[in-house]
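Now for the letters of each chain:
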Amino acid sequence: MSRTLDDIDRRILKALVADGRLSNTELAREVGLSPSPCWQRVRRLEEEGIISGYTAVLDHAALGVGETVMVEVSLDRHDAEVLEDFGRVMAEIPEVLEVYLMAGDYDYFVKIAANGTQGVEAFLRERLFRVTGLRHSKSSFSLRCLKNVVSFVPD
């Protein structure tokens, strides 16, 4: 980040995190600005990359993919090419929600949405286990999500 955020920037970000569909007029009212300066601040936050996009949050259970599974992955080699290839392949798979390159006991952490145990098995057999360089994986099923936020605005 190239500059320090002020209190108004933080209020804008928090309001948009809570409801990304706010109109500029509603956002301006909520943060205590008139619409024009509010719009200018939002555009600046977008141009600076602080706001990187807007999206809809979907209910996976309602879509038939209600199982959330966390997969710890270890690769057989750790050179740049293998690490990059694995990350690229995972990022291209639609049911993969998040992919993290890790430091510690395993190389990647992959979060997927699946349709029950059969969906998880299909993901493992048809997607994950076919990736070159995979040494080991360990899957854990989420029983219940207690908190799910997309972004955090530091004070």
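Check the entry above for the structure.
Residues numbered from 1 in each chain as written. Predicted model: local features only at pLDDT ≥ 70, side-chain atom pairs only at ≥ 80, totals over all residues. Heavy atoms only, no water.

A closer look at the layout of surface pockets
Summary: where empty space remains is shown by rolling a probe the size of a single water molecule over the atoms. Approximately 790 Å³ is the volume attributed to the largest pocket. Forming the walls of the largest pocket are 24 residues, and the residues nearest its centre are H60, L97, E98, K111 and N148. Of all the elements in the fold, those that place two or more residues in the lining of the largest pocket are β1 (67-75), β2 (96-101) and β3 (108-114). Split into classes, the residues belonging to the lining of the largest pocket amount to 13 nonpolar, 6 polar and 5 charged. Considered as a void within the structure, the second largest pocket measures approximately 660 Å³ in volume. Forming the walls of the second largest pocket are 24 residues, and the residues nearest its centre are L16, V17, G53, V150 and S151. (1 Å grid on protein atoms, 1.4 Å probe; cavity = no way out; pocket = protein on both sides within 12 Å on 5 of 7 lines; lining within 4 Å. Points joined across faces, edges and corners; volume = space filled by probe spheres on them. Helix = DSSP H or I, 4+ residues; strand = E, 2+ residues; numbered from the N terminus. Nonpolar A, V, L, I, M, F, W, Y, C, P; charged D, E, K, R; others polar.)

Side note on the side chain of R10
In this structure, R10 sits in helix α1 (residues 7-18). Buried charge R10 goes without a salt bridge, the closest partner of opposite sign being D155 at 5.3 Å. Those residues within four positions of R10 in sequence are excluded, and the remaining contacts are L5, V153, P154 and D155. (Buried < 20%, exposed > 50% of the residue type's maximum accessible area, 1.4 Å probe, protein only. Lys, Arg positive; Asp, Glu negative; His and termini not counted. Salt bridge = Lys/Arg side-chain N within 4 Å of Asp/Glu carboxyl O. Contact = heavy atoms within 4.5 Å.)

What about the environment of R3?
In this fold, R3 is placed in the segment before α1. The spatial distance from the C-alpha of R3 to the C-alpha of L45 is 11 Å, given a sequence separation of 42 residues. Not counting residues up to four positions away in its chain, the partners in contact with R3 are D9, R44, L45 and E48.

A few points about the sheet that holds β3
Across the sheet, which stays open at both edges, the 4 strands sit in the order β2-β3-β1-β4 with antiparallel pairing between neighbours. For this open sheet the edge positions go to β2 and β4 (134-141), each flanked by a neighbour on one side alone. Neighbouring strand axes in the sheet, compared pairwise and without regard to direction, differ in orientation by 20 degrees on average. Taken together, the 7 bridges between β1 and β3 define a ladder with antiparallel strand orientation. (Pairing = 2+ DSSP bridges. Axes fitted to C-alpha atoms, helices over the stretch in contact; angles between N-to-C directions.)

Side note on the pattern of salt bridges
Think of it this way: side chains of opposite charge can pair up when their charged atoms draw near. Taken as a whole, this structure holds 13 salt bridges when the rule is applied. Notably, a salt bridge pairs E46 with R43, separated by 2.6 Å at the nearest N-O pair. Of this pair, E46 and R43 both sit in helix α3 (residues 35-47), 3 residues apart, which is roughly one turn of that helix. Under the relative-accessibility criterion, R43 is labelled partly exposed at 30%. As a salt-bridge pair, K111 and E98 come within 3.2 Å of each other at their nearest N and O atoms. Here E98 lies in strand β2 and K111 lies in strand β3, a separation of 13 residues in the sequence. Owing to a relative accessible area of 28%, E98 belongs among the partly exposed residues under this scheme. It is possible to trace a salt-bridge network through shared partners that takes in D6, D9, R41, R44 and E48.

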